[in-house]
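Structural overview for review
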Amino acid sequence: MRASSVPQPEPASRPRRRTVLAGAAVVAASASVLPAAGAAAAARRPAKSEPYRWRTAAIGGTGFVTGLLFHPAVRGLVYARTDIGGAYRWDDRRSRWTALTDHIGWDDWNLLGVEAMAVDPAHPDRLYLALGTYAQEWASPGAVLRSDDRGATWARTDLTVRLGANEDGRGCGERLLVDPRDSETLWLGTRHDGLLRSEDRGATWAADTAFPATASAGGQGVTLLVAAGRTVYAGWGDGTTALYRTNATGGWEAVPGQPAAGASTRVPVRAAYDAGSRALYVSYADGPGPNNQTDGSVHRLDTVTGTWTDVTPVAPGDGDTFGYGGVAVDAARPGTVVVSTNNRWGPVDTLFRSTDGGTSWTSLKDTAVLDVSETPYLKWGGEAKFGWWIQAVALDPYDSRHILYGTGATVFGTRDLVHWAPEIRGLEESAVRQLIAPPSGARLLSGLGDIGVMRHDSLSASPSRGMASDPVFGTATGLALATLKPSYVVRTGWPSGSDSAGAYSRDGGVSWQPFASQPAIAPSAPGPVAVSADGATLLWSFVHWDGTKYAAHRSTDGGASWAEVASFPKGGTPVADPLDPKRFYVYDTDAGSVLLSTDGGRTFTVGATGLPSGDVQFRIAAAPGRSGDLWLSAKDDGLLRSTDGGRTFTPLSGCHASHALGFGKSAPSKGRAGYPAVFQTGRVPATYDGVAVLRSDDAGATWVRINDDAHRWGWTGEVITGDPRVHGRVYLGTNGRGIQYADPQ
């Protein structure tokens, strides 16, 4: 799975898995009509709010685009789905994507992953989405959204089954289909609960008991649904029979003559029907992908004669293992088909194109000219690649030379089959880990899942330097700035292409150098980092991806040497005092205590005790421009504050939940600087009875809600900060919708 921050609900609140019995109705738990501005629960009392204008900072993609779908009857209308970041509609006039699911709220965070989408060829304004990020027992059941205005407004039906948009097989599909014989009938393929059918446009669902395959709790289930004329075909990922179709009696049957079961045909990944030649093309792999595929094939079915033909462009083999992924046909040119390889890490993935029904193929990568100047991070510290994780391919029904394909980071497009560039504006899928708004220089520094650290000199253009290099990271684990020397910045993260897991910058993130040395554990367990206010001392904590915690280390020579800090709680997140270079703090989430250092991080002693414990997402933040002024966000245990350097904490009355907290420029005041503006993702019932983005200009005495029901982005509990230069501006990290920022209207 791609890197994402997953909220950790209390075990008691995790819903139990509900299975579907054969013949039992899978009716909606609830069905509601809602605008794109609201889906979950409305506030039970009037909200105290301030209007804000919300925008998305430009990076360009950064995540796995799992599906692309042109509408067959409307020029320029295309939809995209992602594994954790919602769905989008292409605005052909503005050449950018419009997000369609930002209204999904905190309690519905599991619905921001899109398992499948469908359009109705006979009704161009209709759009359907099947939502559900995880199919595990701890995740909430999925939902189906249906729209009559291309996603501007939605009606929602909650399911009793779970979907898995960020699990293996998320690039398969589509698993949702409008029946070609009846626009009122929809089909939904699930992973663990068989095939579902709706006869009222998705308002209610029931298991199709005629479907012959048997679902299992750990399988892939239905991998694809496709219409070929008036026949519906279903791919099955868990048995020797990989493909079924509807028959004349209204039931289902195994497709006669289909490829023999084997590694190269184990899982049907994608399918596309060429109406002009009445041929169905199916791509296969030995696993659902996007990882761990070593074999695959492509086959063509003549739906008139029932003849199957192996049309695999290149057979995987020793030294060149991969599967096949996306497949698309040209509506204007019968016999023209495009397929993608997937998980081909040697020669790198490609698209193969055929104009003779698969008899011969051309690799489009071999002549491709890539232009990633609009999203320089795609160079990954070197040269841009044609792509990886290519399981979504789409061919414009109105332009035979316009091809789109999704990768693990972007959407590439061509208009001449040679020149390729990202068609990604407006689609932002970062899982954001850290945010710093410096007092000068860059507008913003960000630490991200999968793509390391970025310096944002502009919020409306992708960072011109791309991701921070020397060294290149995958997921960033730490980002810190010396508050009294803000040009000095340090970062830590999972190494990519080297063993270096930490680096520093003396020019505000313009250029970087790796630490001259690092603790031995660093490459395998890089964790958060802090730097003293004057930049003289570094504290680096270490946590493995499996949660194992290791001793923190300290450096006083810029990373040339390191010494273990025995009194620092293993795996804790160090926090530097903004004014006093000798002071550091750490919250021991296991013990529910704050530890303090007054000797530059050499030793730590226990301060406040008896605080909330047991959740690694509890965290402390230090108010800027003050020494020893700490705020503790303890999720549903509320918000607490210390003004004595962490020796005692007092709960802020009225704040029932605090998940992420940060600071910005104080509100204008007469003759003196006021307290910094405080921003948080939290719940203050007197302001809004639900989790919201909040601002306080009076040190937490009162709060206003600054987001609205159209801007909620699922789970937003990782990071938030204000701007030290602009009062009211806020930067919010999402888990799949990139960096959101806003100013008061």
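To be clear, the structure that these remarks concern was listed above.
Okay, so let's go over this structure. Note that the structure is a prediction, hence the values are computed from the model and not measured.

Side note on the layout of surface pockets
- Taken as a whole, the second largest pocket encloses approximately 1,100 Å³ of empty space.
- Of all the secondary-structure elements, those providing two or more residues to the lining of the second largest pocket are strand 4 (65-70), strand 8 (114-120), strand 12 (176-178), strand 16 (222-228), strand 20 (267-274), strand 24 (323-329) and strand 29 (392-395).
- At five residues, strand 20 tops the list of elements feeding residues into the lining of the second largest pocket.
- Class assignment of the residues belonging to the lining of the second largest pocket gives a composition of 30 nonpolar, six polar and six charged.

Topic: empty space enclosed by the protein
- Evaluation of the coordinates by the stated rule reveals three cavities of 30 Å³ or more.
- Approximately 70 Å³ is the volume found for the second largest cavity.
- Lining the second largest cavity we find G105, W106, T681, V691, A692, V693, N707, R712, W713, G714, T716 and L732.
- With three residues, strand 54 (residues 688-696) is the single largest residue contributor to the lining of the second largest cavity.
- The class makeup of the residues in the lining of the second largest cavity is six nonpolar, five polar and one charged.

Digging into the pairing of strand 41 (residues 538-543)
- Most of strand 41 is tucked away, with five of its six residues classed as buried.
- The pairing of strand 40 (residues 526-531) with strand 41 spans four bridges and is classified as antiparallel. When the sheet's bridge partners are listed, V529 is paired in strand 41 with W540.
- Looking at chain direction, strand 41 and strand 42 (residues 549-555) are connected through five bridges and run antiparallel. Looking across to strand 42, one finds that L539 is bridged to R554.
- The antiparallel pairing of strand 41 with strand 42 creates a hairpin that spans five residues between the two strands, and G547 there sits at a positive phi of about 100 degrees.

A few points about the packing of aromatic side chains
- Taken as a whole, this structure holds 29 aromatic pairs when the rule is applied.
- Ring-pair connections join several aromatic residues into one group, and the members of that group are Y488, Y504, F515, W540, F542 and W562.
- Over the aromatic face of Y488 sits the side chain of K485, whose NZ or CZ is 6.0 Å from the ring centroid.
- Residue placement shows R491 over the ring face of W512; its charged tip is 4.5 Å from the ring centre.

A short note on the sheet that holds strand 41
- Pairing within the open sheet is antiparallel, and its four strands lie in the order 40-41-42-43. Looking at strand neighbours, the two that pair on one side only are strand 40 and strand 43 (563-565), the edges of this open sheet. The mean angle between the axes of side-by-side strands here comes to 30 degrees, regardless of whether they run parallel or antiparallel.

Looking at the pattern of salt bridges
- Inspection of the entire model under this criterion finds 34 salt bridges.
- Of the charged contacts, one joins E199 and R197 as a salt bridge, the two residues approaching to 3.7 Å between their closest N and O atoms.
- Since its relative accessible area comes to 30%, R197 is described here as partly exposed.
- Where D320 meets R344, a salt bridge forms, and the shortest distance between an N and an O atom there is 2.7 Å. Of the two residues, D320 is situated in the loop between strand 23 (308-310) and strand 24 and R344 in the loop between strand 25 (337-342) and strand 26 (351-354); the sequence distance between them amounts to 24 residues.
- Through salt bridges with shared partners, a single network forms among D120, R126, D148 and R201.

Quick notes on the nonpolar core
- With 36 residues, the main nonpolar core has L351, Y377, V393, I403, Y405, W420 and I739 as its most contacted residues.
- Secondary-structure elements contributing two or more residues to this core are strand 29, strand 30 (403-406), strand 33 (432-436), strand 34 (444-448) and strand 58 (739-744).
- Setting aside anything within four residues of it in sequence, one finds I739 in contact with R55, T56, A57, I59, V432, L435, L444, S446, L448, H456 and L732.

Focus: the side chain of R695
- Here R695 lies in strand 54.
- What makes R695 buried here is its relative accessible area of 7%.
- Separated by 2.9 Å, the side chains of R695 and E50 make a polar contact.
- A polar contact of 3.0 Å, which involves the side chain of R695, links it to the side chain of D697.
- Once you skip the residues sitting within four places of it in the chain, R695 turns out to touch E50, Y52, A677, V678, F679, T702, W703, V704, I706, H727, G728 and P744.

Rules used in this analysis
Residues numbered from 1 in each chain as written. Predicted model: local features only at pLDDT ≥ 70, side-chain atom pairs only at ≥ 80, totals over all residues. Heavy atoms only, no water. 1 Å grid on protein atoms, 1.4 Å probe; cavity = no way out; pocket = protein on both sides within 12 Å on 5 of 7 lines; lining within 4 Å. Points joined across faces, edges and corners; volume = space filled by probe spheres on them. Helix = DSSP H or I, 4+ residues; strand = E, 2+ residues; numbered from the N terminus. Nonpolar A, V, L, I, M, F, W, Y, C, P; charged D, E, K, R; others polar. Buried < 20%, exposed > 50% of the residue type's maximum accessible area, 1.4 Å probe, protein only. Pairing = 2+ DSSP bridges. Phe/Tyr/Trp six-rings, centres within 6.5 Å; stacked < 30°, edge-to-face > 60°. Lys NZ or Arg CZ within 6 Å of the ring centre and 35° of its normal. Axes fitted to C-alpha atoms, helices over the stretch in contact; angles between N-to-C directions. Salt bridge = Lys/Arg side-chain N within 4 Å of Asp/Glu carboxyl O. Core = buried A, V, L, I, M, F, W, Y, C linked by side-chain atoms within 4.5 Å. Contact = heavy atoms within 4.5 Å. Polar contact = N/O pair within 3.5 Å; in protein donor to acceptor, adjacent residues only side chain to side chain.

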